[in-house]
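Next come the chains, spelled out residue by residue.
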Amino acid sequence: MIGLTTLARLSTLLAGTFAATLCAGIAAHAAMSDWVDNQGGRMRLVALAPDAEGHIRAALQIEPQPGWITYWREPGQSGIPPQVSLAPGSGVTLERASYPTPKQIMVGNIQEIGYDAPVTLPLDFRTTSKAPTKLELTAFIGLCKDICIPFQAEYSLELPAGEQPTTHELALLDAAKASLPQAPSSDFALQSHSLSSDAKTLALRLTLPEATGDAPTIYVTGPAGYAFFEQANAKREGNAYSADITIGKLPKNYDTKGKTWGILVVDGDRAMETTLALE
């Protein structure tokens, strides 16, 4: 189904509360900010110094309060996906934001995609000039329970200069990386896909890791702001699985030819993520 944030929901978000815009100062740890708190949860930034190629490993830790949720990169039928914006002139660019495997969460009669427990989002930055001494950015997320609160925090994190990161920092970043969906493999992969001529149905054939009778959870992400997850005609025979994903309304005049969509498949305790090249 369409996962585009609606104007009505956004109005509710903004009316429910003012965004919490706070500044996290220099951390007690060499490359970790203080927590920034909000009614619905808290978040902080951790980062390592740039390596020899100018790559900065970092992560945004988000801890919703019990009963609250936050969102995946495509939030479902409504919601706010996480956003990271670097300060102008920081000399740093965001190469990639990665997301651990989410879950489907019902909020009233709205089906959303996100997290109802602490989650750490790996972030990969690249320096564009000489190595910066600070990582300056704004993080913006949505937190929802009975109301939804846009949560914004500004970070100015001193990067360690010639210091080795602590075991805690490395463990946190490594655990965040390990929580990500895996790439396709011989026992878990997309075998074929075909979009119908009217762009209403996406037919999928998959190889799954376990020969069980359960249906996997499938998320297909199309244009920015859209996620599709309703299955039809599902059939599982051992490790082989086929299903049709119902494609809802796409943007007006949207041409699927040559576009690249994403797919995330969750089967048991394993998850696989790859891309779909549309013809």
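Our structure's up above, just so we're on the same page.
Described in the following lines is the structure provided in the data block.

## Section: the side chain of His55
Mapped onto the elements of the fold, His55 is located in strand S4 (residues 55-64). Given a relative accessible area of 18%, His55 falls into the buried group. A polar contact is formed between the side chain of His55 and the side chain of Asp124, at a distance of 2.8 Å. The contact partners of His55, leaving out residues within four places of it in the chain, are Ala49, Pro50, Asp124, Phe125 and Arg126.

## Looking at unusual backbone geometry
Residue Ala199 is not a glycine yet carries a positive backbone phi of 60°. With respect to the helices and strands, the residue Ala199 is situated in the loop between strand S13 (189-195) and strand S14 (201-207). Taking the relative accessible area as the measure of exposure, Ala199 reaches 15% and is therefore buried. The phi dihedral of Asn233 falls on the positive side, at around 55°, and the residue is not glycine. Tracing the backbone shows Asn233 in strand S17 (residues 231-237).

## Examining the environment of Phe228
Examined against the element boundaries, Phe228 turns out to sit in strand S16 (residues 227-228). Taking the C-alpha atoms as reference, Phe228 lies 7.3 Å from Gly248; in sequence the two are 20 residues apart.

## Here's the deal with the sheet that holds strand S20 (residues 270-277)
Spatial strand order, S16-S15-S19-S20: 4 strands in an open sheet with antiparallel pairing. Of all strands in the sheet, those bounded by a partner on one side alone are S16 and S20. Strand direction decides the pairing type here: strand S19 (residues 260-267) and S20, joined by 8 bridges, are antiparallel. Following the sheet pairing, Trp261 is matched in S20 by Leu276.

## Looking at the state of the cysteines
Within the structure shown, the criterion is met by 1 disulfide. Across the disulfide from Cys144 sits Cys148; the S-S distance is 1.9 Å. Sign of the S-S torsion, about 120° for the bond between Cys144 and Cys148, identifies this disulfide as right-handed. An identical accessibility class is assigned to Cys144 and Cys148; each is buried.

## Side note on the pattern of salt bridges
Evaluation of the coordinates by the stated rule reveals 9 salt bridges. Among the salt bridges present, the one from Lys103 reaches Asp116, with a minimum N-O distance of 3.1 Å. Here Asp116 lies in the loop between strand S9 (110-115) and strand S10 (119-127) and Lys103 lies in strand S8 (residues 103-107), a separation of 13 residues in the sequence. Given the relative accessible area of 39%, Lys103 is considered partly exposed. Of the charged contacts, one joins Arg270 and Asp187 as a salt bridge, the two residues approaching to 2.8 Å between their closest N and O atoms.

## Let's talk about the nonpolar core
Grouped together as the largest cluster of nonpolar side chains are 35 residues, with contacts concentrated most on Met43, Phe125, Leu135 and Tyr155. Among the elements of the structure, strand S3 (41-47), S4, S9, S10, strand S11 (134-144), strand S12 (148-158) and S19 are those that each provide at least two residues to this core. Not counting chain neighbours up to four residues away, the residues in contact with Leu135 comprise Leu45, Ala47, Ala58, Leu86, Val92, Phe125, Tyr155, Ser156, Leu157 and Leu159. In terms of nonpolar packing, the next biggest core, distinct from the first, is built from 22 residues, Leu204, Leu206, Val220 and Ile245 among them.

Cut-offs and rules
- Residues numbered from 1 in each chain as written.
- Predicted model: local features only at pLDDT ≥ 70, side-chain atom pairs only at ≥ 80, totals over all residues.
- Heavy atoms only, no water.
- Helix = DSSP H or I, 4+ residues; strand = E, 2+ residues; numbered from the N terminus.
- Buried < 20%, exposed > 50% of the residue type's maximum accessible area, 1.4 Å probe, protein only.
- Polar contact = N/O pair within 3.5 Å; in protein donor to acceptor, adjacent residues only side chain to side chain.
- Contact = heavy atoms within 4.5 Å.
- Pairing = 2+ DSSP bridges.
- Disulfide = S-S within 2.5 Å.
- Salt bridge = Lys/Arg side-chain N within 4 Å of Asp/Glu carboxyl O.
- Core = buried A, V, L, I, M, F, W, Y, C linked by side-chain atoms within 4.5 Å.

By themselves these figures say nothing about function.
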